[in-house]
Amino acid sequence: MVADSFESKTYEIEVLTPTIIGGQDKIQSFEFVREGEYLYFLNFDKLFEQNLFKDSFIEELSRGLSSGARDFNIKDILKKYSIDFKKAVKYTLRLEGVTSPYREVVAFVKSAGRFYIPGSSLKGAMRSSMTKALSKNLLQFYESALSNAYQKVLNRNRVDPKFVSRDADEKIFGTPYESPFKYLRVSDSSFVEQESAGIFEIKVLNICSNQPKWFSRNGNIDDPKQATAIVAEGLKPGVKLYGSIKAEKDLIEGNATVKGLKEKLLTSGVLSSPYEFVAQILNSVAKDYIQKEMTFYSKYNQKQIVSEYQKLLNILNSLDKNQFLLQIGFSTGYLSKTVGIFFNKSHFEKLSRVDTQSKINPDIFPKSRRLLFKDGQVWTVPGWIKVTIR
Amino acid sequence: MDVILKGKYIIKCKIEAQTGLHIGEGNNSLEIGGIDNAVVKDAKGRPYIPGSSLKGKMRALMEFAEGKVRDNLLVVSVKREGRPEICLHMCDDLNCPVCGLFGRNHGSHDLKSGEKIDLTDAVIPTRLIVRDAKLIETSITEEMKENLDLDWTEVKFENNIDRITSKAHPRQSERVPAGAQFSAEFVVNRFEVDSKDDQKYYLEKFIKAMKLLEDDYLGGQGSRGNGKVKFVDIEIFYKDSSDYEKDSSKLQPIATAKSLDELKLS
C-alpha cells in the first residue's frame, strides 16, 4: 500500500436544484410564525422563560397546544399578550415562492441546529446510483429476490417490504465486512448559514388514465394551484458545502477478501483513479436516468420539467473527470432510490403483491412524481447536486 | 537487554470533532428511556474519548502505513471456529515503529500465516501512553445545547432503503456534535535500549499516527460521515529523567502549533 493512499480528498457539493434531506421531524404550525416572506421557528424554552410571569399566557398556550385544534393560531396569542416572538426564535427561513396553504413543514436534518448534508445521505445515494450500473447477471439477484418474496406471499408467508432486497444486496456486495463500499468513505459536510436554506413547496404529479393530474386530498385534479402542497426546508440552488472523501483502490480492484466494483459494474475505458471510476459510473447512470425521465415528462407535456432536465443534461455533458451529478434526499422518488428502472410490468405485478401498502399500478409505475413549485407554477425536480472531488 | 528511561515527551492538545463523533458504549446500557446505540460516557454522563479507542485506531493505521499488514507479520488475537477473526501486528524486530511505540505482548503467538512466534525476548515497556480525553464542556456552546436532543449529544437518524420496494428502515445512533472538543494528553517514553538512544524517533512516529488519524476517522460509522477529527492547540513538552529529581519547575514546551500542519519539531 502506498503512502499517498491514506490521504483523503475534499468534495464540494453544489446544489443545483432545491435539496431536502429530511430529518425525522415534521414541524407543526404552532412551532413557527409567518411574517411576510419569512417563517420564524420558535424556541419554546426561551418563549416560556421570557414570559414566565404571564400565567394566563402559559395556560392559554398549553390549552391550545394540548387541544390540537386546527384553528389554534399561536400568532394570535402572542399578539394578545404583546409578546415579541422575534426574541425567542431558533432560526428564520425565507419562503421560496410558497403560495399554497400548509399546516406543517418537513424539517431538514440538522446537527445541533445547523444545516448540513450527512455523509450517510451522500454515500447512500452514491451506492444506490452505482447499483444501477450492475452487470446484467448481478441485477438478476434483485429479480430473484422479488420473485422469492412474491412466492412467499403466494404461500401466505409474511414478507416485510423493508427487507426484500437484503439477500440480493448481500449476494452482490457481500456482508458489510466483505463489501467494497467499506473502502469508500464520505464525511458529513460542513455546515451552512441559515441564508442557504429556505422553505419550498412540492406537489405531486399523478398520471391518471394517461393524463397528467395533480394530487389533492379531494382526489386528483387538473389545476395544480388547487393541489395539496408538501412544504419542506431545503437548501437553495447555488449553495456549496464541503467535506472529505476517500475512495481506495480496493473499492475498484478488490483484494483477497473483498471483490471490487470493477468486476461487478458496467464500465468503459481505462480509468486512472478510483475517483474517476466512481464519477464515470455515476454520470453514466445519471444520464440514463435523466433521459428516461425526460421521455416520461415529454409524454405528459411537462415542458418546464423537460427544460430543467435538459439544463441538467447540459451540465452533465460538460463535467470534468473529477465531477459527477447525483440526486439525493426527500421526494426524489422510487426510481432514484431503487433498481426499479430495470423492472417491467411483470416485476411490478409481483411488487404490488409484496408491497401492499403502496398503490402499484403494474401498467405504469411509478405513476407519480414530486415536483417543486414556485409562485404557483411548476418549477423543477428536487435533489440534484454537482459533486467535485479535489 | 538494557533499557534506560531517558525522558518523556508529553503531548497536550485538543481533539476537535469536525463531524459527529460516535464512540459506542457497547450497547450495555440499561438506562430507562435511553436510546439505541449510545456513546460512551463518564460517571457524570459526559461523553469522552477512551484512550483505548485512540490508541487502538492509531495503532491500526500505523500498521497499514508501515507495511506491517501481511500474513507473516500478523498475530491472531481472536479466533472464531478455529479461524483467525481479529489479527494485529506484533513482531520481534526491536526497531519496529509499531511494536516499539504501541507495545507487544509476552509469550508465544500464532501468526496468521500459520507459523508461531515467541516475543518473550523482544518485550520492552510500551512507549506510548494515551490518556482518556475529557470533554471540554464550553466547546458545546449554549446555542448548540439548545438544539441538542440530550444533555451533550444529538440523536442521528439514518435510513436503510430497500432497493426493490424503496421502503425505509430507520435506525438511530447517538453522537457528540461537530465542534465539540476534548482535552487530550499523550506520553511518549524515550528509552535507551542496549546503548541506542531513541532520540525523537518514536515522537516523530507518533506525530505520523496523529496525521493518519486526521485523514481517517475515530469511532463508529466513519465511512458514512462520522468521526472526522482534528488535533488543535498542540503543545509538546520534554521532561528529562533528571527533571524528576528536581523540585517542581514550570516546563516550557519544546514545540507549539495551532494544528499538525504547522507543527515543527526543532
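Predicted model only: the values in this text are computed from it and were never measured.

### With respect to the sheet that holds strand β1 (residues 9-15) of chain A
All names here are of chain A.
- An order of β9-β13-β1-β17-β14 is seen for the five strands of this open sheet, with the pairing classed as antiparallel. A strand with exactly one partner marks an edge of an open sheet, and here the two such strands are β9 (184-186) and β14 (323-327). This sheet shows a mean twist of 30 degrees between the axes of neighbouring strands, independent of strand direction.
- Alignment of β9 against strand β13 (residues 240-247), held across three bridges, turns out to be antiparallel. Note that in β13 the partner of Leu184 across the bridge is Ala247.
- In the packing of helix α8 (residues 274-299) onto the sheet, contacts are made with β1, β13, β14 and β17 (384-389), and the angle to β14 comes to roughly 45 degrees.

### Description of the environment of Pro50 of chain B
All names here are of chain B.
- Note that Pro50 resides in the loop between β2 (48-49) and α1 (51-65).
- Taking the relative accessible area as the measure of exposure, Pro50 reaches 10% and is therefore buried.
- Distance in space between the C-alpha atoms of Pro50 and Val187 is 15 Å, their sequence separation being 137 residues.
- Apart from the residues within four sequence positions on either side, Pro50 is in contact with Ile23, Val40 and Asp132.

### What about the domain arrangement of chain A?
- Each assigned domain of chain A is listed here: domain 1 (27-93) and domain 2 (115-190 + 247-389).
- Taking only C-alpha atoms into account, the centre of domain 1 of chain A sits 42 Å from that of domain 2 of chain A.

### Quick word on the interface of chain B and chain A
- In this complex, chain B contributes 36 residues to the contact, which on the side of chain A involves 49 residues.
- Here chain B meets chain A over a buried area of about 3,300 Å², counting both sides, of which 56% is carbon and sulfur.
- Counting across the interface, chain B meets chain A through four salt bridges.
- Where Lys46 of chain A meets Glu146 of chain B, a salt bridge forms, and the shortest distance between an N and an O atom there is 4.0 Å.
- Counting across the interface, chain B meets chain A through 24 residue pairs in polar contact (both at pLDDT 80 or more).
- No other element matches the six residues that strand β9 (residues 154-161) of chain B contributes to the side of chain B that touches chain A.
- In the side of chain B that touches chain A, the residues fall into 13 nonpolar, 11 polar and 12 charged.

### Brief notes about the packing of helix α4 (residues 119-131) of chain A against α8 of chain A
Residue and element names in this part refer to chain A.
- Between α4 and α8, whose axes approach to 9 Å, the crossing angle comes to 70 degrees. Relative to α8, the element α4 lies roughly perpendicular. At the point where α4 passes α8, the crossing takes the left-handed sense. Between α4 and α8, the residues in contact are Met126, Ser129 and Met130 and Val278, Ile281, Leu282 and Val285, respectively.
- A class-by-class count of the residues in the contact of α4 with α8 yields six nonpolar, one polar and no charged.

### Topic: the confidence of the model for chain B
- Looking at chain B as a whole, the pLDDT averages 89, with 97% of positions reaching at least 70.
- Interface confidence in the predicted complex, given as ipTM, is 0.87; pTM for the same model is 0.88.

### A look at the pattern of salt bridges
- All told, the structure shown has 41 salt bridges over all chains when counted by the stated rule.
- Between Asp188 of chain A and Arg175 of chain B there is a salt bridge whose closest N-O contact spans 2.7 Å. Of this pair, Asp188 of chain A sits in the loop between β9 and β10 (197-208) while Arg175 of chain B sits in strand β10 (residues 168-175), which puts the two residues in different chains.
- For Asp188 of chain A, a relative accessible area of 4% puts it in the buried group.
- In this structure, a network of salt bridges that share partners links the residues Lys156, Glu158, Arg171 and Arg224 of chain B.

### Here's the deal with the packing of helix α5 (residues 136-154) of chain A against helix α11 (residues 345-354) of chain A
Residue and element names in this part refer to chain A.
- Contact pair α5 / α11: the axes reach a minimum separation of 9 Å and the direction vectors enclose 50 degrees. By the criterion of interaxial angle, the relationship of α5 to α11 is oblique. Judged by the twist between their axes, the crossing of α5 over α11 is left-handed. Listed contacts from α11 to Glu143, Leu146, Ser147, Ala149, Tyr150, Val153 and Leu154 of α5 are His347, Lys350, Leu351, Arg353 and Val354.
- Of the residues belonging to the contact of α5 with α11, the class tally is seven nonpolar, two polar and three charged.

Reading the values: the criteria
- Residues numbered from 1 in each chain as written.
- Chains lettered and ligands numbered in written order.
- Predicted model: local features only at pLDDT ≥ 70, side-chain atom pairs only at ≥ 80, totals over all residues.
- Heavy atoms only, no water.
- Pairing = 2+ DSSP bridges.
- Helix = DSSP H or I, 4+ residues; strand = E, 2+ residues; numbered from the N terminus.
- Axes fitted to C-alpha atoms, helices over the stretch in contact; angles between N-to-C directions.
- Contact = heavy atoms within 4.5 Å.
- Buried < 20%, exposed > 50% of the residue type's maximum accessible area, 1.4 Å probe, protein only.
- Domains from an automatic or database assignment.
- Buried area = accessible area lost by both parts, 1.4 Å probe.
- Salt bridge = Lys/Arg side-chain N within 4 Å of Asp/Glu carboxyl O.
- Polar contact = N/O pair within 3.5 Å; in protein donor to acceptor, adjacent residues only side chain to side chain.
- Nonpolar A, V, L, I, M, F, W, Y, C, P; charged D, E, K, R; others polar.
- Parallel < 35°, antiparallel > 145°, perpendicular 65-115°, else oblique.
- Left-handed = near helix turned anticlockwise from the far one by under 90°.
- pLDDT = per-residue confidence, 0-100.

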